[in-house]
Every structure is written in C-alpha cells, then in structure tokens.
Amino acid sequence: KNPRQEGSVEYVARRLVTIYPVYAFGLVVAALLTSQGPPPWVLVLQAWLLQAWVPVITEWGLQMQCWFLSCLVLYWAIFPFFFRMIQKMSLHQVLLGMVLAVCIPVLYLLIPDLFYGKPNWYEHHSWGLMRDGTDALVVMLKFHPICYVHVFLLGMLLAQFRVLMAELLADVEDLWVVGISMDLLAPVGYLGLLLVFNWPMVSPPFAKLSARIFALLPLQACVVLGLAGLDSFPAPRLASLFSSFNFLESYSYCVYVMQFICMTLWFGEDFDLSFFMFLVATATFVQLLVQTPSDKLWKLSPTQASWIVPTVMSLLLVLISTWRWRGGQDHVLPDLIQGDGFLDIHLPLRMSAEDWSTTGGGAFINPSATLVDESRLILAARLHRRSYRKSTFENGTLLEEIWFSQIFLGSLSFDSEDWQALNASGAIPGGQINMRPWDGLRMVDSKPWTYPNMCYRERWLPENKTMLRFVVTGPEDPKVFPLTTAGSCSNSRTDCWSLREPTDWCGKSPSHCETQCNSRWCSHQEVQLAFNSYSPKEGKSCDRRDVSQMFLASGVNVRHPEHVIQGRHLRCGQLDHNEKNWIPFQREGKTYVVYSLIPHVVRELADTGSCGQQWRSIFPKLEEMQSRLLEMAIRGSAQAVYVNAPNATPHLPRPHYLALFHAADLKVRRYAHYAYRFSPKPPFQILQVSKVLPLEMLPAMPGAPAFAFASGLVVHDQQVILTYAAGDREPRALLMSLSRLDDFFK
C-alpha cells in the first residue's frame with residue numbers, strides 16, 4: 001500500500017500484524033507446555049523477534065521453527081529503500097541482479113571452505129551445541145537474517161522482472177510460447193524440488209548449508225514466478241486451478257506456528273491423518289479467535305501496537321518462566337508430594353546462564369548424592385537432551401540420533417535446622433542447588449571426555465543405503481560416593497586411586513604428603529564418581545568397542561570441577577558388551593562394586609581399574625522374582641550405603657549395606673524400583689528385598705509410557721534421601737525415615 005509514502009518504521013508496524021499475534025499466542029502456549037525453558041533474557045529477545053540475531057540462543061529458544069519471522073522484521077525495514085531503487089532498474093539490471101543474488105552467496109561457503117581447508121567443515125557442529133566460533137558460524141549461516149537478505153532481494157527482483165517482461169511483451173501478438181512457458185515454470189520448479197529432497201543423486205553438494213542459502217533458489221524462483229505470472233497477463237494454469245484456495249494463506253501460517261505445539265498435545269503415538277485433522281482444526285481455531293480479532297485491533301494504531309505488544313509479551317513470558325519453571329527447568333509434578341510417612345520433592349538443580357549458553361541447556365536427570373562431614377551434601381547429575389540429524393554422503397543417507405550428555409556437580413551445606421526443615425517440609429537451604437559442569441574430566445590420553453573423542457554405534461541398512469548412527473556426547477549416569485573418612489596421602493601425584501595406609505610416614509599432614517613424598521593429599525571432602533560412557537577412542541579402533549562401559553574418577557573436588565582428573569576404565573566385565581548399573585560402595589578404605597544381582601556378584605577394585613577378589617552368592621527370593629518376571633531385567637541402581645541403626649531397622653537389627661535395584665521392561669521402558677540389604681562382610685550375601693518403592697513417574701514425551709529411574713541414596717541421622725529422575729525430565733528426591741523404609745521390608 002504505497003510504500004513510497006511511509007517510512008520503514010510505519011511499514012514494519014503495519015506488516016507486523018500479519019505475523020505477531022499468532023506468534024505471540026504460540027510463544028505463550030509453548031512456554032506453558034514446555035518441559036524445559038531458556039532463561040528470561042532469551043524469552044525477552046524472542047518477544048522482540050530477535051532470536052535469529054544471537055547465534056548462541058537460536059537453536060534452543062521456544063518455537064524454534066519461527067526463526068525466520070526474526071528475519072522478516074529486517075526485510076520489511078529495508079523494503080521501502082530497496083523498492084525505490086529496484087523500481088528504477090531496467091530489465092538487464094534486474095537480470096544481472098538476479099544472477100548475483102544466486103551466485104554471490106556461494107562465497108558464504110567458499111570463504112570458510114578455504115579457511116578450514118575442507119568443504120565439510122560445518123559438520124563439526126551438532127544441534128544445540130555452542131562450543132566455539134565454528135559452531136557460531138554454522139548457526140549464523142543457517143539462521144541469521146543477514147545471510148538471507150539475498151533471498152528477499154531476489155523476490156523483489158522477480159516482482160520487477162514480471163512487470164518489465166509484461167511491458168516488453170505488450171505489443172507481441174502471438175504469445176502462446178510465453179503462455180506455455182509460464183504454465184510450465186511452477187510444475188518444473190516443484191518437480192525439481194521433489195527430486196532434490198527425495199533422490200540423493202540430485203541433491204546439491206554440502207546440502208546442509210548450500211540448500212538453505214543458494215542451491216535451491218533457481219527452482220524456488222521458478223515456483224514463485226510460475227504462480228504469480230506476468231503483470232497484466234492471464235494467470236498461469238496452475239495458479240488459476242488453485243486460486244480458490246488463496247484464502248488458506250493465513251490458515252497455513254497458523255499451521256506453521258502451531259505444528260510443534262500440536263505434536264506436544266497429541267494423545268496418539270502416530271502422527272497419522274487424525275493428527276493432521278487435529279492440526280488443521282487447531283490452526284482454524286487460532287486464525288478465527290486470535291488472528292482475526294487482533295488484526296482489527298492492531299490496525300487502530302499500528303505504531304503503538306508494535307512496541308506495546310512485545311513489551312507485554314516480554315513481561316508475560318518472564319512471569320511464566322518465574323512461576324512455571326522456577327527459574328530453571330519446567331516440571332509438571334508438584335514441588336511437594338506428601339505420602340504415607342514420606343515426602344517426595346522436586347530437586348531445584350540450577351545452572352548459570354553462561355553454562356546454559358555454553359552447553360545448550362537440557363534437563364537434569366539421574367541425580368546422585370552422598371554426604372561428607374555429616375553437613376555437606378554432594379550432588380552429581382546428568383544434563384541430557386536429544387537431537388536428530390539427517391545428512392547425505394557419497395554412498396547414501398546418514399541418520400543420526402544424538403544424546404547430548406554432560407555431568408554437573410554441586411554441593412549444599414546443612415546445619416541441624418536445615419536437616420529438620422528438609423525432613424519436615426522438604427525445604428532446600430537457599431531454595432536451589434547450583435550445579436557446575438564437570439569440565440576437568442579427562443581420558444587416559446588427556447583428551448576431554450566429549451564426542452568426537454568417544455566411540456559411537458552405527459548400523460548400515462543396505463536395502464535403502466542408510467547409515468543409522470547413535471551418538472552420546474559425554475559421560476552418563478553419575479554415582480557419587482565418599483573417598484575416605486579422613487584425609488589420606490595418595491600413592492600418586494594426580495589422583496586418589498591408591499591411598500597409603502593411615503600409619504604411613506607420608507600421611508602426617510597435607511604439606512608433608514605433597515612436599516616430602518611428592519604425592520597428592522586426598523581430602524575427606526573429595527569424592528569418587530563412577531559413571532558409564534561409550535568407550536574413549538584413545539587412538540584405537542572402535543570396532544567391537546562401540547558399547548557403554550563403566551569408569552571411575554577418584555578424588556573429585558566438587559568445589560573445583562574444572563580441576564583435571566582422569567576417569568579410569570573399570571575392566572571387570574565384558575569389553576564388547578554394554579556394562580552399566582553397577583553399585584559402588586566403600587568398605588574399610590577399599591572400593592567395591594556390585595556387578596550383578598542374580599547371582600549377587602561383588603568385586604573389589606584394584607588400583608589399576610581391574611578387579612581383584614570376587615564373591616558370588618544367591619538369594620532365592622530374588623531368583624523367584626526373576627522367574628515370575630521373565631521379561632524383566634534386574635539391575636543395580638545408585639550406590640550402597642552402610643547402615644547400623646538397630647532401633648530404626650527392626651526387620652534387620654544389625655549392621656548391613658542398603659542399596660537399590662530395578663526391574664526393567666526395556667521394551668516399553670518401564671521400571672520397578674526396590675531397596676535391598678546385604679551383609680557388610682564377604683561374601684556380601686543379600687539379606688532382604690523390599691516391596692516396590694513409591695517413586696513418581698512421568699512420560700519422557702507425550703504418549704510415551706511414564707517411568708522413573710532411581711540413581712542416588714543417602715542416609716543421615718536415620719533419615720533416607722533417595723534421589724531419582726522422573727521421565728528423563730525432572731530430578732526428584734524421596735524422603736523418609738529409616739524406620740519407614742524398614743516397613744517396606746515386611
């Protein structure tokens with residue numbers, strides 16, 4: 001509407017009504033539904049349509065598919081200026097401009113290719129990761145508004161081209177060739193796009209970026225021009241055939257905004273025809289009840305609406321994040337659940353905004369805890385999220401499932417009043433637990449414990465030339481437990497795997513240990529941390545090593561998680577099969593693991609990571625349970641803790657170890673969790689097994705089975721803290737007295 005007579009601000013304000021109301025509605029619904037949300041400052045940027053301008057947040061904001069709306073604001077702002085310039089261009093100038101718009105973006109890839117020395121340099125980036133400048137550059141090329149200005153200008157040049165071509169052909173009498181050409185343009189463009197997306201042989205090279213930036217522009221131009229036709233000429237046949245559906249333009253935009261929200265709300269397991277009917281119905285609802293009324297109100301004062309509405313949206317989203325996410329992850333279970341003699345609480349694990357930006361965020365799951373000094377609770381948890389990626393290579397298609405995984409550490413100090421408040425009402429001192437990434441973990445070859453330094457699992461499908469790859473980017477499922485009850489001098493300068501005897505001459509004092517014996521002093525406030533992980537490559541082939549194994553780091557300083565420490569491979573099991581769910585524990589200064597439940601196999605760990613003496617025993621009632629649950633796998637959980645409280649454990653009034661295990665139906669990913677007690681002396685015979693423990697469950701995603709996974713155990717002053725994750729989404733803790741837990745052993 002006469003853009004030459006209004007400035008950029010007025011033009012943007014007038015155009016915003018076509019996208020912002022539905023976008024804002026989608027943001028609010030997504031904020032209420034999401035299981036994890038970005039920090040408030042990210043929400044403010046999204047409210048102002050700035051998410052595509054900041055690479056560190058683009059891939060993990062709410063409603064990520066709406067990134068291109070962020071670009072449109074820039075393009076509308078520059079439209080009046082370029083309109084006046086392009087309107088004066090001749091046909092030759094327009095044609096040259098169109099060629100440049102397609103060709104110049106080749107430099108977007110060519111320059112980095114020359115800098116990195118390889119054309120596939122962008123494969124370094126994994127979705128959601130922001131580790132270095134290469135990650136930032138890939139995200140910029142994929143989403144930044146500046147990188148798509150040429151696409152917008154090409155559209156404007158096409159508009160001028162159709163006007164100039166119509167003037168050129170105005171005096172031509174026989175136009176059947178022109179008519180046929182215009183009729184074929186859109187079908188040819190659509191056919192080309194179908195071939196590109198469905199036939200790898202014609203897919204453009206390095207399609208992850210080239211297809212987005214320039215490679216498909218000629219085909220897309222054919223579609224646009226083939227549907228628009230030439231000015232003052234009859235509309236092309238395809239456009240005329242479907243012209244009666246032009247009213248669906250605004251409805252299709254509602255589908256674009258609401259698609260992932262509908263996927264979250266969908267009750268079924270398959271996205272079949274009924275889902276698409278649900279999506280269309282939702283889009284219709286949003287168009288009629290949100291967009292149509294907003295359109296009328298916005299036009300009353302477009303300029304004022306263009307800043308008032310985003311301001312209100314900013315405040316609303318921040319309020320939702322404060323109320324709904326409590327400043328961190330979202331959880332759909334109540335913060336506090338009171339049961340029969342127990343409390344179930346949400347664990348408010350938090351990370352800094354800087355760590356969120358660095359890691360890309362995620363959900364804290366499978367928390368583990370241990371106690372040092374009777375007043376300091378040490379916690380470890382796994383930061384987890386999933387991503388999927390599709391790419392092509394010379395021999396076919398690569399489909400990657402990526403589990404982003406990293407261990408975070410934290411601690412919490414308790415005084416007597418804090419313990420009383422925790423046991424009485426589930427109150428956490430300070431209201432939150434600050435967690436930091438365990439950046440100091442290293443492999444034996446001193447490399448960081450991250451992908452691509454780790455092996456991954458692959459399977460080739462020759463029938464459709466597809467490679468399936470499963471990648472885990474870091475260590476998983478930590479189990480934290482004490483190192484020593486008193487400070488000790490190590491036999492090593494770097495870790496605390498082998499501690500000297502308390503009477504050793506080197507153990508007089510920390511300074512004596514370090515200066516006179518050239519060894520490391522291992523504080524009683526440091527801990528051991530067992531975890532499972534895909535095998536480090538360490539310069540070896542991953543053949544038959546693409547499995548999860550158990551590792552242990554000894555002497556971890558939670559207050560300084562950046563301190564370098566090696567994780568050692570526990571070579572107690574099968575090296576070519578998955579090994580996980582071992583139960584570590586300390587006894588008389590030595591470290592042991594429960595390797596299996598049936599039979600109950602306990603192994604002592606040697607200083608090198610290999611296994612020393614082994615004890616094997618049978619518990620008939622557990623074997624009977626397995627015979628009844630043939631489809632279930634019985635495996636260990638958490639760590640074992642020593643208990644000697646006869647008055648609180650009348651069903652076993654003598655010293656014992658308390659531990660956890662789970663019966664897992666892996667087909668549907670459902671777990672039943674149990675406590676069990678075993679003897680504190682070899683052969684560590686199982687003494688009792690409890691009834692099923694009452695853990696709260698959540699589905700990992702809508703329509704999936706609900707489950708919980710127990711991962712930590714602490715006993716303090718005859719009170720039990722059992723930490724677990726609900727649905728790979730929420731960290732929680734079950735609190736009860738030792739006597740109440742004893743009731744489960746009746």
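What comes next is a walk through the structure. Since this is a predicted model, take the numbers as computed values, not measurements.

## Focus on the overall build of the protein
Helices and strands together make up the secondary structure of the protein, namely 21 helices and 30 strands. Counting only C-alpha atoms, the protein reaches 105 × 55 × 50 Å along its principal axes. Relative to its 746 residues, the protein shows a buried fraction of 52%. In the protein, 65% of the contacts between residues at least 6 apart in sequence involve partners at least 24 apart. Accessible surface, the protein as shown: approximately 34,600 Å² in total, 60% of it carbon and sulfur. Of the charged side chains in the protein, 62 are positive and 62 negative; the average position of the first set lies 2 Å away from that of the second.

## Considering the sheet that holds strand β16 (residues 548-556)
Here 4 strands make up an open sheet; going across it, the order is β12-β15-β16-β18 and the pairing antiparallel. The open sheet has two free edges, formed respectively by β12 (476-482) and β18 (568-569), since each of these has just one partner strand. Relative to strand β15 (residues 527-534), β12 runs antiparallel, the two sharing 5 bridges. Within β15, the position partnered with Glu476 by the bridge is Asn532.

## Side note on helix α2 (residues 20-33)
For α2, spanning 14 residues, the distance from its first C-alpha to its last is 20 Å, which sits close to the expected 20 Å at 1.5 Å a residue. The element α2 is largely enclosed, with a buried count of 11 among its 14 residues.

## Here we look at the packing of aromatic side chains
Here the structure, examined in full by the defined rule, presents 42 aromatic pairs. Measuring from ring centre to ring centre gives 5.5 Å for Trp67 and Phe68, while their planes differ by 85 degrees; the resulting arrangement is edge-to-face. The exposure class of Trp67 is buried, given its relative accessible area of 14%. Here Phe68 falls in the partly exposed class, since its relative accessible area comes to 31%. When the ring of Trp615 is compared with that of Phe684, the centres are 5.3 Å apart and the planes differ by 80 degrees; the resulting orientation is edge-to-face. A residue pair is termed long-range when its members are at least 10 positions apart, and Trp615 in strand β22 (residues 611-617) and Phe684 in the loop between β25 (670-678) and β26 (686-689) qualify at 69 residues.

## Quick look at the state of the cysteines
This structure, assessed with the given rule, holds 5 disulfides. Residue pairing for Cys506: its cysteine sulfur links by disulfide to Cys517, the two sulfurs lying 2.0 Å apart. Disulfide Cys506 to Cys517: torsion about the S-S bond roughly -95 degrees, handedness left-handed. Residue Cys506 is located in the loop between β13 (488-489) and α19 (510-515), and its partner Cys517 is located in the loop between α19 and β14 (521-522); the two are separated by 11 residues in the primary sequence. Judged by relative accessible area, Cys506 falls into the buried class, the value being 7%. On the basis of relative accessibility, which here comes to 14%, the residue Cys517 falls in the buried class. Here Cys572 connects covalently by a disulfide to Cys611, the sulfurs 1.5 Å from one another. Taking the sign of the torsion about the S-S bond as the criterion, the disulfide between Cys572 and Cys611, at about 90 degrees, is right-handed. Within this pair, whereas Cys572 is found in the loop between β18 and β19 (583-587), its partner Cys611 is found in strand β22, the two being separated by 39 residues in sequence. Judged by relative accessible area, which is 8%, Cys572 ranks as buried.

## Some thoughts on the sheet that holds strand β20 (residues 590-596)
Overall, antiparallel pairing links the 4 strands, which are arranged β19-β20-β21-β22 in an open sheet. The open sheet has two edge strands, β19 and β22, and neither has a second partner. In this sheet, adjacent strand axes meet at a mean angle of 25 degrees when their direction is disregarded. Relative to β22, strand β21 (residues 600-605) is paired through 5 bridges, and the arrangement is antiparallel. Residue pairing for β22: Val602 is matched across the bridge by Trp615.

## Some thoughts on the pairing of strand β28 (residues 706-716)
Along β28, 9 of the 11 residues are buried, which leaves the element largely enclosed by surrounding structure. Bridge analysis of β28 against strand β29 (residues 719-726) gives 8 bridges, and the strand direction is antiparallel. From the neighbouring strand, Phe709 faces β29, where its bridge partner is Ala725. Linking two consecutive strands that pair antiparallel, namely β28 and β29, is a turn of 2 residues; a positive phi of about 50 degrees is found at Asp717 within it.

## Let's talk about empty space enclosed by the protein
Using a probe with the size of a water molecule, rolled over the atoms, empty space left in the structure can be pinpointed. Here the structure, examined in full by the defined rule, presents 4 cavities of 30 Å³ or more. Estimated volume of the largest cavity: approximately 70 Å³. Leu347, Leu377, Leu422, Ile428 and Ile721 are, among the 13 residues lining the largest cavity, the residues nearest its centre. Contributing elements (two or more residues each) for the lining of the largest cavity: β5 (376-393), β29 and β30 (730-737).

## Re the pattern of salt bridges
Across all of its chains, the model carries 18 salt bridges by this definition. A salt bridge links Glu400 to Arg469; its shortest N-O distance comes to 3.5 Å. Within this pair, whereas Glu400 is found in strand β6 (residues 396-413), its partner Arg469 is found in strand β11 (residues 466-472), the two being separated by 69 residues in sequence. Take Glu400 and Arg469: they sit in the same class, and that class is buried.

## Here we look at a nonpolar patch on the surface
A cluster of nonpolar residues, Leu96, Leu100, Ile104, Val106, Leu107, Leu110, Ile111 and Leu114, forms a patch on the protein surface that exposes about 720 Å² of accessible area. Elements represented by at least two residues in the nonpolar patch include exactly α6 (91-103) and α7 (106-116). No other element matches the 5 residues that α7 contributes to the nonpolar patch. Mapped onto the elements of the fold, Ile104 is located in the loop between α6 and α7.

## Let's talk about unusual backbone geometry
The omega torsion of the bond from Tyr451 to Pro452 falls at 20 degrees, within 30 degrees of zero and hence cis. In this fold, Pro452 is placed in the loop between β9 (441-442) and β10 (457-461). The backbone phi angle of Glu374 is positive, close to 60 degrees, even though this residue is not glycine. Judged by relative accessible area, Glu374 falls into the exposed class, the value being 53%.

## With respect to the environment of Pro105
Considering the arrangement of structural elements, one finds Pro105 in the loop between α6 and α7. Residue class for Pro105 comes out buried when judged on its relative accessible area of 1%. Measuring from C-alpha to C-alpha, the distance between Pro105 and Phe214 comes to 6.2 Å, with 109 residues separating the pair along the chain.

## What to know about the pairing of β30
Regular strands place side chains that alternate from one sheet face to the opposite one. Extensive coverage of β30 is indicated by the burial of 7 of its 8 residues. Across 5 bridges, the pairing between strand β2 (residues 342-346) and β30 is antiparallel. Opposite Leu343, over in β30, you have Leu735 as the bridge partner. Two elements, β29 and β30, share 8 bridges in a ladder whose sense is antiparallel. Looking across to β30, one finds that Ala726 is bridged to Glu730. Counted between consecutive antiparallel strands, the loop separating β29 from β30 contains 3 residues, among which Gly727 sits at a positive phi close to 65 degrees.

Conventions used here
Residues numbered from 1 in each chain as written. Predicted model: local features only at pLDDT ≥ 70, side-chain atom pairs only at ≥ 80, totals over all residues. Heavy atoms only, no water. Helix = DSSP H or I, 4+ residues; strand = E, 2+ residues; numbered from the N terminus. Buried < 20%, exposed > 50% of the residue type's maximum accessible area, 1.4 Å probe, protein only. Contact = heavy atoms within 4.5 Å. Areas by Shrake-Rupley, 256 points an atom, 1.4 Å probe, with all protein chains shown as cover. Lys, Arg positive; Asp, Glu negative; His and termini not counted. Charge placed at Lys NZ, Arg CZ, Asp CG, Glu CD. Pairing = 2+ DSSP bridges. Expected span 1.5 Å × (residues − 1). Phe/Tyr/Trp six-rings, centres within 6.5 Å; stacked < 30°, edge-to-face > 60°. Disulfide = S-S within 2.5 Å. Axes fitted to C-alpha atoms, helices over the stretch in contact; angles between N-to-C directions. 1 Å grid on protein atoms, 1.4 Å probe; cavity = no way out; pocket = protein on both sides within 12 Å on 5 of 7 lines; lining within 4 Å. Points joined across faces, edges and corners; volume = space filled by probe spheres on them. Salt bridge = Lys/Arg side-chain N within 4 Å of Asp/Glu carboxyl O. Patch = residues over 30% accessible without salt bridge, like charges linked within 9 Å, V, L, I, M, F, W, Y side chains within 5 Å.

So, to be careful, I would describe these as geometric facts and stop short of saying anything about function.
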